[in-house]
Amino acid sequence: MNSSILVINCGSSSLKFALIDSISHEAVMTGLAEKLGLSDACITFKHDGGKQTAQLSAPDHAAAMHAIIEKLQQVSLLDTVKAIGHRVVHGGEHFKQSALLDEAAISEIERCIKLAPLHNPAHILGMRTAIKEFPSLPQVAVFDTSFHQTMPEKAYLYAVPMKLYRENSLRRYGMHGTSYRFVAEEAAKMLGKPAEETCLVIAHLGNGASISAIRDGKCADTSMGLTPLEGLVMGTRSGDIDPSVFSYLAAERDMDIQAVTNMLNKESGLLGLSELSNDCRELEEAASKGHEGAKRALEVFAYRLAKYVASMTVGAGRLDAVVFTGGIGENSSFLRGEVIKQLGFLGLKLDAAANEACTRGNAGRITTADSVPALVINTNEELMIAMDTAELAGLAH
């Protein structure tokens, strides 16, 4: 058996993992521990075409890690693990690329907790648990924000007093960077161009959604900001909104800052507009049956996305291709079609049959031969984390 990389993605109440073969790049085993902190915490393993779910011995991250180790031992895979890679949402300005974990690196990640208070504490907990369980293995942190650190000042600064940037780190950071890095490289291959000569607009669309401008293979701009709330309409997030909404709702509805923040993050987006669901598939089905709220939500989503594609073309400098990725981007032929129809002035022409064919794992071009290319590419963040980990751990082939 080849050596493998264990990829860990710790959330506040979950732990997702994948065991990636370092040579074939295939996922040998994947799994998800969920409901951590609750009495019915469980873990699900997928291996060799089978699926198994078990209760955890305790409802915490340590128990989840123990369960992963036991399972790997059972199927004789534990000894193949040669390094561990951790997904980290926020690396601030310090981490411009992935990094080997040591106490100094963990301290820097702790400093970024103020920028990702829901995510970074869980990541740190996962790291400390993994270091305790695998003390002799190299461990690597891969940051969602690092890919966006090539943005120029004109793209990442807010037009607020500069002391807020200097003293409080108030700026735009962006997310989904690991996905963008993978997809940008794959898009360059599909276009037959070197990555460093490729200019793209990539939309990573899921329950959380963002879009980035790639100029000569590097991030030039992105839609998410200080937090993942800025930018596109998302599943439950509003995206761009007038900041005065806080004072307006305080006066009109007696809502405090936390209540408005919670509403914008958890009750808005597709859910708020449709008054039905944050799930794109459910909304498309409801819209096809005449549900006005579902139609409204999908229309706003597509319009905002089309506007952002056009604006991100400024950051890209030119448009070699528009790329769709993420759960919605890879599977919603309806939304991709609606967006491309609004972008005819940029030279995009939809190939309806090709668009319909690109779902359920099928990637490819969805525009006509005489059009600016629009591509569907299946992202693979776990593989990107594994490859970075193998390289920094000295295991790359």
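Rules of the game
Residues numbered from 1 in each chain as written. Predicted model: local features only at pLDDT ≥ 70, side-chain atom pairs only at ≥ 80, totals over all residues. Heavy atoms only, no water. Buried < 20%, exposed > 50% of the residue type's maximum accessible area, 1.4 Å probe, protein only. Helix = DSSP H or I, 4+ residues; strand = E, 2+ residues; numbered from the N terminus. Pairing = 2+ DSSP bridges. Contact = heavy atoms within 4.5 Å. Axes fitted to C-alpha atoms, helices over the stretch in contact; angles between N-to-C directions. UniProt positions renumbered as here; feature names shortened; annotations may be inferred. Salt bridge = Lys/Arg side-chain N within 4 Å of Asp/Glu carboxyl O.

### Things to note about the pairing of strand β12 (residues 321-325)
So, point 1. Burial within β12 is extensive, with 5 of its 5 residues counted as buried.
So, point 2. Residues of β12 alternate between two faces, with Ala321, Val323 and Thr325 on one and Val322 and Phe324 on the opposite face, all of them buried.
So, point 3. Note that strand β9 (residues 200-205) and β12 share 5 bridges and pair parallel. Note on β12: the bridge partner recorded for Leu200 is Ala321.

### Quick word on the sheet that holds strand β3 (residues 27-34)
So, point 1. Strand order in the open sheet formed by 8 strands is β5-β4-β3-β2-β1-β6-β8-β7, and the pairing between neighbours is mixed. The strands lining the two open edges of the sheet, one partner per strand, are β5 (50-55) and β7 (99-100).
So, point 2. Examined bridge by bridge, strand β4 (residues 42-47) and β5 share 6 bridges and lie antiparallel to one another. Bridge pairing in β5 places Lys46 opposite Lys51.
So, point 3. Sheet strands touched by helix α1 (residues 61-74): β1 (4-10), β2 (14-21), β3, β4, β5 and β6 (81-88). Its angle to β2, the strand with the most contacts, is close to 30°.
So, point 4. Against the sheet, helix α3 (residues 120-133) engages β1, β6 and β8 (139-143), with an angle of about 165° to β6.

### Brief notes about the UniProt feature "binding site: Mg(2+)" (unreviewed entry) in the protein
So, point 1. Within the UniProt annotation, "binding site: Mg(2+)" (unreviewed entry) is assigned to Asn9 and Glu381. In sequence the annotated residues extend across 373 residues, while in space they remain close, none of their C-alpha pairs exceeding 10.4 Å.
So, point 2. Residue position: Asn9 is located in strand β1.
So, point 3. For Asn9, the residues in contact, after removing those within four places along its chain, are Ser14, Leu15, Lys16, Arg87 and His123.

### Thoughts on the pairing of strand β10 (residues 209-215)
So, point 1. The element β10 is extensively covered by neighbouring structure, given that 6 of its 7 residues are classed as buried.
So, point 2. Here β9 runs beside β10; their pairing, made up of 6 bridges, is antiparallel. Across the sheet, residue Leu205 finds its bridge partner in β10, namely Ala209.
So, point 3. As consecutive antiparallel partners, β9 and β10 are separated by 3 residues.
So, point 4. Note that β10 and strand β11 (residues 218-222) share 4 bridges and pair antiparallel. Residue Ser212 lies in a different strand from β11, and its bridge partner there is Thr222.
So, point 5. The turn linking β10 back onto β11 is made up of 2 residues, and Asp216 within it adopts a positive phi angle of 50°.

### Considerations on the pattern of salt bridges
Pairing is possible between side chains that carry opposite charge, provided their charged atoms lie close to one another.
So, point 1. Applying the stated criterion to the full structure yields 18 salt bridges.
So, point 2. Close ionic contact of Lys35 with Asp40 constitutes a salt bridge, the shortest N to O distance being 3.2 Å.
So, point 3. Taking relative accessible area as the criterion, Asp40 reaches 34% and is therefore assigned partly exposed.
So, point 4. Arg128 is paired through a salt bridge with Glu103; the nearest N and O atoms lie 3.0 Å apart. Taken as a pair, Arg128 in helix α3 and Glu103 in helix α2 (residues 103-111) lie far apart in primary sequence, 25 residues in all.

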